[in-house]
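Structure at a glance
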Amino acid sequence: QVQLVESGGGLVQAGGSLRLSCATSGRPFSSAAMGWFRQAPGKEREFVAAMTWSGSSSDYADSVKGRFTIFREPANDTVYLQMNSLKPEDTGVYYCARARTGLSKRHDDYAYWGQGTQVTVSS
């Protein structure tokens, strides 16, 4: 059974940084892409970033390009989202997800989800 557990959220001032972690367990992940999505109050869940498990390819939402980085530490099965130069509009619940196959920006293409971690950016 696949399990994803996010951590690292919190309250930060605009311009600050946070690193989110997604601990993975369960079925082998070598063939599946991993992604991060976020959902602000009253808004739909939106794509933030995704990467292949190998790290050879990644994709980002235009709104976070140049500020966020998705990566995985080879030594463990944790996927990270490094968030720099945070803005108030980055506020929301951030979810880690495992895709059914390759890279995708569509949340319907992701089969497994974590419980989410809250990120709040104050102005």
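Structure: above.
This report concerns the structure included in the present document. This structure is a prediction, so every number in the text was calculated from the model and none was measured.

**Some remarks on the side chain of Thr24**
- Within the secondary structure, Thr24 sits in strand β3 (residues 18–25).
- Side-chain polar atoms of Thr24 contact the backbone oxygen of Asp77, separated by 2.5 Å.

**Comments concerning unusual backbone geometry**
- Even without a glycine there, the phi angle at Ser85 is positive, about 50°.
- Locating Ser85 in the fold gives a position in the loop between β8 (78–83) and β9 (92–99).
- For Ser85, a relative accessible area of 40% gives the class partly exposed.

**With respect to the nonpolar core**
- Formed by 32 residues in total, the largest nonpolar core has its most connected members in Trp36, Leu81, Met83 and Tyr94.
- Taken together, the elements giving at least two residues each to this core come down to β3, β4 (34–39), β5 (46–51), β7 (68–72), β8, β9 and β11 (117–122).
- The leading source of residues in this core is β5, at five residues.

**As for the packing of aromatic side chains**
- This model, assessed by the stated rule, comprises six aromatic pairs.
- Each ring, one from Phe71 and one from Tyr80, has its centre 5.1 Å from the other, and the planes form 20°; the classification is stacked.
- Seen from their ring centres, Tyr95 and Trp113 are 6.4 Å apart, and the 80° between their planes marks the pair as edge-to-face. One end of the pair, Tyr95, is in strand β9; the other, Trp113, is in strand β10 (residues 110–113), and 18 residues separate them in sequence.
- A relative accessible area of 14% means that Tyr95 is categorised as buried.
- Counting every residue linked through ring pairs, the aromatic cluster contains Phe37, Phe47, Tyr95, Tyr110 and Trp113.
- One Lys or Arg, Arg45, reaches over the ring of Trp113 and ends 4.7 Å from the middle of that ring.
- The cationic tip of Arg72 hangs over the ring face of Trp53; the distance from NZ or CZ to the ring centre is 4.3 Å.

**A closer look at the sheet that holds β3**
- Strand order in the open sheet formed by four strands is β1-β3-β8-β7, with antiparallel pairing between adjacent strands. Of all strands in the sheet, those bounded by a partner on one side alone are β1 (3–7) and β7. Direction aside, neighbouring strands of the sheet carry axes that sit 15° apart on average.
- The pairing of β1 with β3 spans five bridges and is classified as antiparallel.

**Here's the deal with the state of the cysteines**
- Going through the model one piece at a time under the given rule, you end up with one disulfide.
- Between Cys22 and Cys96 runs a disulfide, and the two sulfur atoms are separated by 2.0 Å. Between Cys22 and Cys96, the disulfide has an S-S torsion of -75° and is therefore left-handed. Here Cys22 is found in strand β3, whereas its partner Cys96 is found in strand β9, with 74 residues between them in sequence. One exposure class covers both Cys22 and Cys96, and it is buried.

Reading the values: rules and limits
- Residues numbered from 1 in each chain as written.
- Predicted model: local features only at pLDDT ≥ 70, side-chain atom pairs only at ≥ 80, totals over all residues.
- Heavy atoms only, no water.
- Helix = DSSP H or I, 4+ residues; strand = E, 2+ residues; numbered from the N terminus.
- Polar contact = N/O pair within 3.5 Å; in protein donor to acceptor, adjacent residues only side chain to side chain.
- Buried < 20%, exposed > 50% of the residue type's maximum accessible area, 1.4 Å probe, protein only.
- Core = buried A, V, L, I, M, F, W, Y, C linked by side-chain atoms within 4.5 Å.
- Phe/Tyr/Trp six-rings, centres within 6.5 Å; stacked < 30°, edge-to-face > 60°.
- Lys NZ or Arg CZ within 6 Å of the ring centre and 35° of its normal.
- Pairing = 2+ DSSP bridges.
- Axes fitted to C-alpha atoms, helices over the stretch in contact; angles between N-to-C directions.
- Disulfide = S-S within 2.5 Å.

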